[in-house]
Amino acid sequence: MSGDKKRVQFRAPHRLIDRTDALAEVLGEDRTNILVTALREYLQEATHDDALTQEIAAAYYDDEITVEQLKSLVGAEEAANLRVLKQQLDEDFIDEVADA
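Counting restarts for each chain: residues are numbered from 1 in the order of the written sequence. The predicted origin of the model limits local features to residues at a pLDDT of at least 70 and limits the giving and counting of side-chain atom pairs to 80 or more, whereas totals for whole chains, interfaces and linings rest on all residues. As a rule here, side-chain values come from all non-hydrogen atoms in the structure, and water together with hydrogens is ignored.

Novice: When you look at the pattern of salt bridges in this model, what are you seeing that I'm missing?
Specialist: Working definition: two side chains of opposite charge can pair if their charged atoms are close together. Salt bridges are counted wherever a side-chain nitrogen of Lys or Arg sits within 4 Å of a carboxyl oxygen of Asp or Glu. Per the counting criterion, the structure on display carries 3 salt bridges. Close ionic contact of Asp63 with Lys86 constitutes a salt bridge, the shortest N to O distance being 2.5 Å. Taken together, the residues span a long stretch of sequence, with Asp63 in the loop between α3 (50–61) and α4 (67–74) and Lys86 in helix α5 (residues 76–99) at a distance of 23 residues. To sort residues, take the accessible area from a 1.4 Å probe on protein chains only and compare it with the maximum for the residue type: under 20% means buried, over 50% means exposed, and anything in between is partly exposed. For Lys86, a relative accessible area of 12% corresponds to the buried category. Helical segments are the DSSP runs of H or I of at least four residues, strand segments are the runs of E of at least two, and each set is numbered from the N terminus.

Structure follows, in structure tokens:
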């Protein structure tokens, strides 16, 4: 993973942050490491969910996300497959319009 970091701020329920702080204390880590690990694991699991992958693909087909965003969400191999499918869909659409 890249060494580049970006500062973010967000609001979370006190109870969630208190639990994060307690876990950080037990593990001898800081809150940021706990939150980054949790976020990384969530994103990894979420992108293996078929329904979410379909939503990501639809967003890509509708030009709501870039190919770089697509790669970061589903990985390079799956992104390449979705790019080919998008090209095929675009070509089929052009053929259908031309035949109409």
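Novice: Any chance you could explain the nonpolar core here in plain terms?
Specialist: Soluble globular proteins: nonpolar side chains tend toward being buried together. One finds Ile56, Ala57, Ala59, Tyr60, Ile65, Leu70, Val74, Ala79 and Leu82 forming the largest nonpolar core, which totals 9 residues. Those elements that provide at least two residues to this core are α3, α4 and α5. The dominant element in this core, judged by the number of residues it contributes, is α3, at 4 residues. In what follows, residue pairs with any heavy atoms lying within 4.5 Å of each other are defined as contacts. Other than its neighbours up to four places away in sequence, Leu82 contacts Ala57, Tyr60, Tyr61, Leu70 and Val74. Grouping buried Ala, Val, Leu, Ile, Met, Phe, Trp, Tyr and Cys residues that are joined through side-chain atoms within 4.5 Å yields what is termed a nonpolar core.

Novice: Hey, could you run me through the packing of aromatic side chains in this one?
Specialist: The description of an aromatic ring pair uses the distance of the two centres, along with the angle that the planes make with each other. Under the pairing criterion, centres of Phe, Tyr and Trp rings, with the six-membered ring standing for Trp, must be within 6.5 Å; the plane angle then separates stacked pairs below 30 degrees from edge-to-face pairs above 60, leaving the rest tilted. Evaluation of the coordinates by the stated rule reveals 1 aromatic pair. An angle of 50 degrees between the planes, with centres 6.1 Å apart, marks the rings of Tyr60 and Tyr61 as tilted. The exposure class assigned to Tyr61 is partly exposed, which follows from its relative accessible area of 23%. Against the face of Tyr60 rests Lys86, its NZ or CZ located 4.5 Å from the ring centre. Our definition puts a charge over a ring when NZ of Lys or CZ of Arg is within 6 Å of the ring centre and also within 35 degrees of the ring normal.

Taken by themselves, the reported measurements are silent on function.
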